[in-house]
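Spelled out from the first residue to the last, the chains are:
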Amino acid sequence: MIYHSRTFPSKVSLRDICQAINKYVFVTSPYPVIISADLHLNVKQQDTMADVMMEEFGKRHVMVLIEWEQLYWTSCRVQNN
């Protein structure tokens, strides 16, 4: 379950969220979607979350190891040009 305090839907299943994203994400835009989440999970829960996302997104799911420092500096250079 996904919990978000002080909002109307206080609990939603991760699978339901992934299904909604998968159904509607490319309806109006062909661009990729980055899912950012503030996780408070142990390793087993993270594995379960990854399994659900891979099941629901199928071939749309792309896993990439990102070197955050390199990404940050590349972004800064692009913005300053």
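Please refer to the structure placed before this passage.
Remember, it's a predicted structure, so these values are computed and weren't measured experimentally.

Trainee: Hey, could you run me through the environment of Asn42 in this one?
Mentor: Residue position: Asn42 is located in the loop between helix 1 (14–24) and helix 2 (43–57). Assessed through its relative accessible area of 42%, Asn42 is described here as partly exposed. Within polar-contact distance, the side chain of Asn42 engages the backbone nitrogen of Gln45 at 2.8 Å.

Trainee: Teacher, can you tell me more about the nonpolar core here?
Mentor: A general tendency of soluble globular proteins is for nonpolar side chains to be buried together. Core analysis: the largest hydrophobic core is formed by six residues, namely Leu14, Cys18, Met49, Val52, Met53 and Phe57. Those elements that provide at least two residues to this core are helix 1 and helix 2. Sort the elements by how many residues they give to this core and helix 2 lands first, with four residues.

Trainee: Teacher, can you tell me more about a nonpolar patch on the surface here?
Mentor: A cluster of nonpolar side chains, contributed by Phe26, Val33 and Ile35, occupies part of the molecular surface with about 250 Å² of accessible area. On the secondary structure map, Val33 appears in the loop between helix 1 and helix 2.

Trainee: How should I be thinking about the packing of helix 1 against helix 2 in this particular structure?
Mentor: The description of two helices packed together rests on the angle between their axes and the distance between the axes. As a packed pair, helix 1 and helix 2 sit with axes 9 Å apart at the nearest point and diverge in direction by 30°. It follows that helix 1 is roughly parallel to helix 2 by the angle criterion. The handedness of the crossing between helix 1 and helix 2 is right-handed. Touching Leu14, Arg15, Cys18, Gln19, Ile21 and Asn22 of helix 1 are Met49, Val52, Met53, Glu55, Glu56 and Phe57, all from helix 2. The residue inventory of the contact of helix 1 with helix 2, partitioned by class, reads seven nonpolar, two polar and three charged.

Trainee: Before we go on, may I ask you to explain the pattern of salt bridges in this structure?
Mentor: A side chain with one charge may pair with a side chain of the opposite charge, provided their charged atoms come close. Under the counting rule described, the total for this entry stands at two salt bridges. Salt-bridge contacts for Glu55 lead to Arg15; the nearest nitrogen and oxygen are separated by 3.0 Å. Residue Glu55 is found in helix 2, and its partner Arg15 is found in helix 1; the two are separated by 40 residues along the sequence. Of the residues examined, Glu55 reaches a relative accessible area of 52% and is grouped as exposed. The exposure class assigned to Arg15 is partly exposed, which follows from its relative accessible area of 31%. As a salt-bridge pair, Arg15 and Glu56 come within 2.6 Å of each other at their nearest N and O atoms. One end of the pair, Arg15, is in helix 1; the other, Glu56, is in helix 2, and 41 residues separate them in sequence. Glu56 sits in the buried class, given a relative accessible area of 17%. Three or more residues joined by partner-sharing salt bridges are found here, namely Arg15, Glu55 and Glu56.

So, how was this worked out
- Residues numbered from 1 in each chain as written.
- Predicted model: local features only at pLDDT ≥ 70, side-chain atom pairs only at ≥ 80, totals over all residues.
- Heavy atoms only, no water.
- Helix = DSSP H or I, 4+ residues; strand = E, 2+ residues; numbered from the N terminus.
- Buried < 20%, exposed > 50% of the residue type's maximum accessible area, 1.4 Å probe, protein only.
- Polar contact = N/O pair within 3.5 Å; in protein donor to acceptor, adjacent residues only side chain to side chain.
- Core = buried A, V, L, I, M, F, W, Y, C linked by side-chain atoms within 4.5 Å.
- Patch = residues over 30% accessible without salt bridge, like charges linked within 9 Å, V, L, I, M, F, W, Y side chains within 5 Å.
- Areas by Shrake-Rupley, 256 points an atom, 1.4 Å probe, with all protein chains shown as cover.
- Salt bridge = Lys/Arg side-chain N within 4 Å of Asp/Glu carboxyl O.
- Axes fitted to C-alpha atoms, helices over the stretch in contact; angles between N-to-C directions.
- Parallel < 35°, antiparallel > 145°, perpendicular 65-115°, else oblique.
- Left-handed = near helix turned anticlockwise from the far one by under 90°.
- Contact = heavy atoms within 4.5 Å.
- Nonpolar A, V, L, I, M, F, W, Y, C, P; charged D, E, K, R; others polar.

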